[in-house]
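Each chain, letter by letter, is given below.
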Amino acid sequence: MKRGRARAGAWVGTVVALALGLSLTACSATGPASIVGRQTLRIGVKADQPGLGLRLPDGKFVGFDVDVARYVAAKLGVQPDHITFVPVTSATREAALENGSVDMVFATYSITPERETKVTFGGPYYVAHQDTMVRAGDTAIHSVHNLKGKRLCAVTGSNSWKRVTQELNIPAVLAPAASYSSCVAMLLDGSVDAVSTDDLILAGFATRTGSAVRIVNAPFSYERYGIGIRKGDLSGCEAVNRAVSQMYLDGTAAALLRKWFGRTSLQLDTHVPQFEGCG
Amino acid sequence: MRRLSLRTTPGRVGALAAVVVLAIGGFYIVANIAVGNARDGLRVIGHDAGPQVLATGDLYFALSDMDSQVASILLTGREGSPGAGQQELARYSQDRAVADRAALQAAELSVGDPADQAAVRSILDGLGRYERLASQAIVLDEQAHHPAGPPPANVIAVYTQATDLMTLELLPPAYNLTLEGGATVRGAYAAKRSAVLSGRLWMALAGLAVIAALVALQFFIAARFRRRLNPALAVATLGLVLLTVSAVRLLSGEAAHLQAAKTSGFDSILTMSRARAISNSLHADESRFLLDPGRADTYSLAYLDKSQTVLYVASGNLGEYYTALGASMKAYRANPRAVGFLGFYGDEARAHPGLAVTAVLSRFQQFQADDQRIRQLAGGGQDRQAVMLLTGRTAGSSGYDFDQYDQAVVSLIGQHRATFDQAISAGDRELGRSVVGNWAVLLLLAALGAAVLVVAGVWARLREYR
């Protein structure tokens, strides 16, 4: 009997040791904090791009990107009043994600292979095309190739001017600016000759500026608007992709595109874009 | 028989036996859940989402290649022989057949998922419209009798409609289905493998608890009834020891098979299927660049973006890309362990270095070298030479080099597929193979048998108290 008890004790000891050992090994790598399962989200949007991301005088953010962000956040289970919109610029997007001051970025953020080395992209939620805007009276510019020798606005952190002067090798003279709203101001006051960027951005400004500017309507690239999330958040990326699929399937995408760009001459594409993939 | 009380010996024996039988029941439940998790993991990864990735990868390739062949047909312009374009037409029909088969398979695999089914349906709808536009463009092109190079504007206009339909409506859902399959596998793998491993722990604990209770019962009976050994209990104990040990081994094996299928097989299948899809689409961008001068910039920029997705080296434009690719490949050949590039091939070269990936890389480099020449020729106004180089199918032409490159990718996918299939079938085989058929049956029979033995063993002793 005594021997029996002792042996039972030994068994219990083995069991406990085994349990501890196995449960320790079961705690494995978790990766970066995911946007999945969050109660609140901080979302980076542009503050000065009409139609896409614009801060109103009362501090509210409005635009296509803002509405898409709200839809995706809702699909992630975040209540509308638990979303904080944070203004970002083309130059601050990567840093804002990396230092954690925002959880997601919806800010006309084109997916490029170079940016993918620092950021994980969900989406794209829309594919825009780069085009060029000039002053209404300027009849010499019909395509991006006419920008040779012209003064082109170059927004820090943006990919658009690189498309022109680097990728297409067109020797335009670059005039640095902090944002596309300053570019449009510079175009109107004559300090640059052209603003070249995504047609959605240009359409928003053209609607506001009226007849003083002209979009040359010679698109030359695919700009895939991605949802920037912290590098390596795979389940977050998969979840936002499912949300974007849903957004196209249930007609919300088409409705939002019509709401923000229906009055422009843009050809809107209401089919779900080809996703970039998360891995 | 007297009322059993815990203060009496028979009462204690009965209670202890009841504890043992309950513990056997608990063991059975825990083991059954763990084995069920292994089975679910194999089903999702091996028989559901895994095959979906392969089928939709084939679908994407076939669709994209149809558009690529149409562009080639329009570019050659029936120049010279009346048979020109026949090879491309044959390949177009072949692609169409592959697309049909793959779409059918994807449809079968998407049963039960309305979003996936909608995607497959929209691809099939779009395919009919695409074919009408493509044949229209081919007929108009035939009537035009133009030399090799860009066709007349009316042909380009119809082709533009066709290629936009392809790239906006057909290819995205196909690619997204591939990605969705990848996400499903990743989720199932993470959940099921850890469930199998924690199931193994709980099952081992439950098994040990049952064995401990059986041993305690054995000793108690030996002490009280002055018998050395209760044979029925001894057989039950031995059986449960064997069962626990082999079930732990089974689950360890299943976890290892899941891991092998996912990390040595599936991950690379997914990466390489995506690389193959994007490669075909960038190859088509090369043809479209020659075909439609109005959109040449768009197609060149798309070509660069896609090349960098497949193999990333820092570079601002195509010229820099060719140079950086050359330098990077030279460094890689000198030391294949130091992979200085990113993108799909960076991932693959780091995860599975070897001859197969090296072959893919050198053929990709050759294809890019051809591209550089094609663009030089086109830039110098030698459209005809550029088209010949692009559409040729003999050694030294870009068409040939692209096929060689694609075959290297296919053979690398095949290699990973073999690893994947082996791991999945080993997992299936071990789950289905025990002394009495599959493990679900074995667990049930063993648990019932052990319970019967315990009851029988105790019953004989309790009868002595009558």
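This text goes with the structure placed above it.
Right, let's talk about unusual backbone geometry for a bit. That bond from A:Gly123 to A:Pro124 is cis: its omega, 15°, falls within 30 degrees of zero. Note on placement: A:Pro124 falls in strand β7 (residues 119-128). Non-glycine residue A:Asn169 carries a positive phi angle of around 60°. Topologically, A:Asn169 is positioned in the loop between α4 (160-167) and β10 (173-177). The exposure class of A:Asn169 is exposed, given the 12 C-beta atoms found within 10 Å. Phi at B:His145 takes a positive value of approximately 45°, unusual for a residue other than glycine. Here B:His145 is to be found in the loop between α3 (114-144) and α4 (153-225). By C-beta crowding, B:His145 is classed as exposed, having 10 other C-beta atoms within 10 Å.

The subject of this paragraph is the environment of A:Ser235. All names here are of chain A. Considering the arrangement of structural elements, one finds serine 235 in helix α7 (residues 234-249). Spatially, the C-alpha atom of serine 235 lies 8.5 Å from that of cysteine 278, the residues being 43 residues apart in sequence. When residues no more than four places from it in sequence are discounted, the contact partners of serine 235 are Ser34 and Val36.

Next up on the list: the nonpolar core. One broad trend across soluble globular proteins is that nonpolar side chains are buried collectively. Formed by 227 residues in total, the largest nonpolar core has its most connected members in A:Met104, B:Val20, B:Leu59, B:Leu63, B:Val70 and B:Val210. Looking at which element gives the most residues to this core, the answer is α4(B), with 31 residues. If near-sequence neighbours (up to four positions away) are discounted, B:Val70 is found in contact with B:Tyr92, B:Ala134, B:Ala137, B:Ile138, B:Tyr159 and B:Ala162.

Take the sheet that holds strand β1 (residues 41-45) of chain A next. All names here are of chain A. Spatially, the five strands line up as an open sheet ordered β5-β1-β6-β13-β7, and their pairing is mixed. Of all strands in the sheet, those with a lone pairing partner are β5 (83-87) and β7, marking the two edges. Where strand β6 (residues 104-105) meets strand β13 (residues 223-230), two bridges bridge the pair, whose relative direction is antiparallel. Each bridged residue has a counterpart across the sheet, and for methionine 104 the counterpart in β13 is isoleucine 229.

Residues and elements named next belong to chain B. With respect to the element layout, glycine 199 can be found in helix α4. The buried category is assigned to glycine 199, around which 24 C-beta atoms lie within 10 Å. Sequence separation of glycine 199 and glycine 182 is 17 residues, and the distance between their C-alpha atoms is 25 Å.

Here we take up the interface of chain A and chain B. Taken together, the 35 residues of chain A in the interface contact 39 residues of chain B. Taken together, the elements giving at least two residues each to the side of chain A that touches chain B come down to α1 (2-26), α4 and α7 of chain A. For the side of chain A that touches chain B, the element with the highest residue contribution is α1(A), accounting for nine residues.

Cut-offs used in this document
- Residues numbered from 1 in each chain as written.
- Chains lettered and ligands numbered in written order.
- Predicted model: local features only at pLDDT ≥ 70, side-chain atom pairs only at ≥ 80, totals over all residues.
- Helix = DSSP H or I, 4+ residues; strand = E, 2+ residues; numbered from the N terminus.
- Buried ≥ 20, exposed ≤ 12 C-beta atoms within 10 Å, placed from the backbone.
- Contact = placed C-beta atoms within 7 Å.
- Core = buried A, V, L, I, M, F, W, Y, C linked by C-beta atoms within 7 Å.
- Pairing = 2+ DSSP bridges.

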